[in-house]
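Okay, here's what each chain looks like letter by letter:
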Amino acid sequence: MKAGCNQLKPAVVVLIVELCFCASYQLKEPQVCELCSGAVLNGSAVGRFCSSSAGRIEGRCCLSRDNTSDPERIIGLDLSKCSLTHVNGLLEASRAIMIDLSLNPIVNISDAAFQGFIELNVIILPENIHCPGGNASWEKVQVNEGNRYCKGQIDSCNQSGQLSINCPENSLCGPYGPSFFECSCADNFHGYKCLRKGEFPGLLVFGPLGAVTVMMSLLLWVTQRRKVKPL
């Protein structure tokens, strides 16, 4: 019985450590919310949006969840007056609906900085900075009191949701941020440029890989077993 207890103790310790790590990870707010000191003000654009969306302010972020069982996500990000000269590393806010970057000495913003931000609907920029993807990527662009407002992101694909000239044959076009799109194979097609028809040969691809993995594991187990000294 003592041997069994000794074997269980390390497992219990590992489990406790993992649970503590997971809990601390969930409690820690996203790093993008800490890019600037202070918190979202209730009277700011993001603050008003957060209040109307029943969100929760955490640092410079507005957090919300679609359902009670879903994890919280960033729906608003307020980095105004943060003395930012460049913009990158915002992937944690890729599902944000509103982002405020106004009142910053930003020189230029790459369109790639917002690649994948398919839900972004409003972005506020300094007046000298153009909207990501250009004006053609937004339904409405206006300049007011030194800020540029880009509203209503336009889908870069055709609005029918069917095959697009931007994508190869047998594929579908999907939005992927301002001026960006991504192509995915249509049903029953796969492979390079979606040229192969039929179901993906998962068994042929992963079967040999799994067999090789099992054989290597057995080989390592046998070779290492020889080095174990008997008690």
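Refer to the preceding data block for the structure.
Remember, predicted model here, so these are calculated numbers, not experimental data. Starting from 1, residues in each chain are numbered consecutively following that chain's sequence as written. Local features in this predicted model are restricted to residues whose pLDDT is 70 or higher, and side-chain atom pairs enter the listing and the counts only when it is 80 or higher, whereas totals over whole chains, interfaces and linings include all residues. Side-chain numbers come from the whole structure's heavy atoms, not from hydrogens or water.

### A short note on the overall build of the protein
Right, on to step 1. Numbered from the N terminus, helices here are DSSP runs of H or I no shorter than four residues, and strands are runs of E no shorter than two. When helices and strands are counted, the protein shows 3 helices and 11 strands.
Right, on to step 2. Ordered by position in the sequence, the α and β elements of the protein form the string α-α-β-β-β-β-β-β-β-β-β-β-β-α.
Right, on to step 3. For the exposure calls, accessible area comes from a 1.4 Å probe over protein chains only, and a residue counts as buried if that area is under 20% of its type's maximum, exposed if over 50%, partly exposed in between. By residue count, 31% of the 231 residues in the protein fall in the buried class.
Right, on to step 4. Any pair of residues with heavy atoms lying within 4.5 Å of one another is described as a contacting pair. The long-range share in the protein, meaning contacts at least 24 apart out of those at least 6 apart in sequence, stands at 32%.

### Some points on the pairing of strand 7 (residues 147-153)
Right, on to step 1. In terms of burial, strand 7 is largely enclosed, as 5 of its 7 residues are buried.
Right, on to step 2. The pairing of strand 5 (residues 122-126) with strand 7 spans 5 bridges and is antiparallel. Residue pairing in the sheet places Val 122 in a bridge with Lys 151 of strand 7.
Right, on to step 3. We treat two strands as partners when DSSP finds at least two bridges between them. Sheet topology places strand 6 (residues 138-144) next to strand 7; 6 bridges connect them, and they run antiparallel. Bridging from a neighbouring strand, Gln 142 pairs with Tyr 149 of strand 7.
Right, on to step 4. What sits between the antiparallel neighbours strand 6 and strand 7 is a turn of 2 residues, in which Glu 145 has the positive phi angle 50°.

### Digging into the nonpolar core
Right, on to step 1. Ile 99, Leu 101, Ile 109, Phe 114 and Ile 123 are the most contacted members of the largest nonpolar core, which has 28 residues in total.
Right, on to step 2. Elements that contribute at least two residues to this core include exactly strand 2 (61-64), strand 3 (73-78) and strand 5.
Right, on to step 3. Dropping the residues within four chain positions of it, Ile 99 is found in contact with Leu 77, Phe 114, Phe 117, Leu 120, Val 122, Ile 123 and Ile 124.
Right, on to step 4. Counting 9 residues, the second-largest nonpolar core is a separate cluster that includes Val 46, Cys 50, Val 122 and Ile 124. Note on terminology: a nonpolar core comprises buried Ala, Val, Leu, Ile, Met, Phe, Trp, Tyr and Cys residues joined through side-chain atoms within 4.5 Å.

### Considering the side chain of Ser 80
Right, on to step 1. Mapped onto the fold, Ser 80 is located in the loop between strand 3 and strand 4 (98-100).
Right, on to step 2. Ignoring sequence-local partners within four residues, the contact set of Ser 80 consists of Arg 60, Asp 100, Ser 102 and Asn 104.

### Re the state of the cysteines
Right, on to step 1. Pairs of cysteine sulfur atoms within 2.5 Å are what we label disulfides. One pass over the structure, following the stated rule, counts 7 disulfides.
Right, on to step 2. A disulfide bridge connects Cys 50 with Cys 62, and the sulfur atoms are separated by 2.1 Å. Measuring handedness by torsion sign, the sulfur bridge of Cys 50 and Cys 62 sits at about 85° and is right-handed. In this pair, Cys 50 is assigned in helix 2 (residues 45-52) and Cys 62 in strand 2, connecting sequence segments 12 residues apart.
Right, on to step 3. The exposure class of Cys 50 is buried, given its relative accessible area of 2%.
Right, on to step 4. Owing to a relative accessible area of 0%, Cys 62 belongs among the buried residues under this scheme.

### Here's the deal with the pattern of salt bridges
Right, on to step 1. The working definition used for a salt bridge is a side-chain nitrogen of Lys or Arg within 4 Å of a carboxyl oxygen of Asp or Glu. Counted under the stated rule, the structure contains 7 salt bridges.
Right, on to step 2. Residue Glu 58 pairs with Arg 56 through a salt bridge whose shortest N-O separation is 2.5 Å.
Right, on to step 3. Judged by its relative accessible area of 36%, Arg 56 is partly exposed.
Right, on to step 4. The closest approach of N and O atoms between Arg 73 and Glu 119, which form a salt bridge, is 3.3 Å. With a gap of 46 residues between them, Arg 73 in strand 3 and Glu 119 in the loop between strand 4 and strand 5 connect regions that are remote in the sequence.
Right, on to step 5. For Arg 73, a relative accessible area of 13% translates into the label buried.
Right, on to step 6. Judged by its relative accessible area of 29%, Glu 119 is partly exposed.
Right, on to step 7. A cluster of three or more residues bridged by salt bridges with shared partners is formed by Asp 66, Arg 73, Arg 95 and Glu 119.

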